[in-house]
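The lines below spell out each chain.
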Amino acid sequence: MGQGRARARGRVLRRGSVVRWRALPPSLDANGRRFVGQLRLLKDRSGLSLVSLQTKTPFSGSSWERYLNGKVLPPETAVEAIARIAGEDAAPLLELRDAAERTWNTAPDPGSTAGSDTAHDAPEAEAPRIRVVALSVAAGGLLLSAVVSVLLVMDAQHPKAGGGQGAAAKVGKYTCAYTRRADLLFAGNSAAMSHRVMLNSTGPDVAEVQCLLLRHKLSPGDIDGYFGPRTETQVKRLQRQDHAPTDGVVGEQTWALLRHVE
């Protein structure tokens, strides 16, 4: 019998000891290609299959398939996990990931359904039910988008100065008006020193964090009062620079780092 065609779930073809990776999406830019290339190198160096990666990390084999083929930007925890498995320092790879994140732009994979690892395996009889669920989710998404748009318009019409803790938290546009009190820096949105803010938090405390990150020459994106993945990435970078716990959460220790700006 001939060798046949062996298909791995990660879409990696093996011929003897040589590994042939699937071509990266054409829309992936140079930063993304450098990052994914290093990610693949660590995977090869580890000698692990996608199934083995699934057992050794919190991420599924199908998630690793998407990360290693440039379809989805992996979270920092996944990058740290594969570096640890390969016995490498995660910091250089995290720097490559940060650069890739700023310009990440891949076309959706036509052969996969976003957010579902089991869509390809669904039996044909369940296809109508899956379509109904997809339409329901899409309708819900449109409704949510409309509600968010109305809130943004209302926030623009009634801007709030400063950042009282009791104020309703909304996402909008904030400004940075820096002042010093003793050796501490304030940006005019909040005077918080210990209030915890983290991924998906909103409001003036988040805007204050974003303004202070700018003064540390970091790039949280728009000063919009939304603690998204980009703001979390820059908080983690500040924490790494100052040898603080790299959890992406702004608590008392990270507030102190933010407010002490040279």
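Everything below is about the structure shown above.
As the structure is a prediction and not an experimental result, all values here were calculated from the model.

Engineer: Explain helix 4 (residues 76–86) here, please?
Structural biologist: Since the α-helix packs 3.6 residues into each turn, any two residues three or four apart lie on the same face. Every buried residue of helix 4 is listed here: Glu 76, Ala 78, Val 79, Ala 81, Ile 82, Ala 83 and Ala 86. If you follow the buried residues of helix 4, they end up packed against helix 1 (30–46), helix 3 (61–68), helix 5 (90–103) and helix 8 (229–241). A positive backbone phi angle near 70° is found at Gly 87, which sits one or two residues after helix 4.

Engineer: Even after reading the chapter, I still don't get the packing of aromatic side chains, so can you show me in this structure?
Structural biologist: Tallied over the entire structure, the rule returns three aromatic pairs. Between Phe 59 and Trp 64, the ring centres sit 6.1 Å apart and the planes meet at 80°, which makes this aromatic pair edge-to-face. Each member of the pair, Phe 59 as well as Trp 64, carries the same accessibility label: buried. We classify Trp 64 as buried; its relative accessible area is 0%. One aromatic cluster in this structure is built from Phe 59, Trp 64 and Tyr 67. The cationic tip of Arg 181 hangs over the ring face of Phe 186; the distance from NZ or CZ to the ring centre is 4.1 Å.

Engineer: Would you explain the state of the cysteines in this entry?
Structural biologist: Linking two cysteines covalently via their sulfur atoms produces the bond known as a disulfide. Counted under the stated rule, the structure contains one disulfide. Disulfide pairing is shown between Cys 176 and Cys 211; the S-S distance is 1.9 Å. Looking down the S-S bond of the Cys 176 and Cys 211 bridge, the torsion is -85°, so its handedness is left-handed. Taken together, the positions of Cys 176 in the loop between helix 6 (127–157) and strand 3 (179–181) and Cys 211 in helix 7 (residues 204–215) put the pair 35 residues apart, joining distant regions of the chain. Under the relative-accessibility criterion, Cys 176 is labelled partly exposed at 27%. Given the relative accessible area of 0%, Cys 211 is considered buried.

Engineer: How should I be thinking about the pattern of salt bridges in this particular structure?
Structural biologist: Opposite charge on two side chains allows them to pair when their charged atoms are near. Throughout the structure, instances matching the rule amount to nine salt bridges. Across the salt bridge formed by Lys 236 and Glu 76, the nearest N and O atoms sit 3.5 Å from each other. With Lys 236 in helix 8 and Glu 76 in helix 4, this pair connects stretches of sequence that are 160 residues apart. One salt bridge connects Arg 237 with Glu 95, and the closest N-O pair in it is separated by 3.9 Å. Separated by 142 residues along the polypeptide, Arg 237 in helix 8 and Glu 95 in helix 5 bring together distant segments of the chain. Residue classification places Arg 237 among the buried positions, given a relative accessible area of 14%. Residue classification places Glu 95 among the partly exposed residues on the basis of a relative accessible area of 43%.

Cut-off values and rules
- Residues numbered from 1 in each chain as written.
- Predicted model: local features only at pLDDT ≥ 70, side-chain atom pairs only at ≥ 80, totals over all residues.
- Heavy atoms only, no water.
- Buried < 20%, exposed > 50% of the residue type's maximum accessible area, 1.4 Å probe, protein only.
- Helix = DSSP H or I, 4+ residues; strand = E, 2+ residues; numbered from the N terminus.
- Contact = heavy atoms within 4.5 Å.
- Phe/Tyr/Trp six-rings, centres within 6.5 Å; stacked < 30°, edge-to-face > 60°.
- Lys NZ or Arg CZ within 6 Å of the ring centre and 35° of its normal.
- Disulfide = S-S within 2.5 Å.
- Salt bridge = Lys/Arg side-chain N within 4 Å of Asp/Glu carboxyl O.

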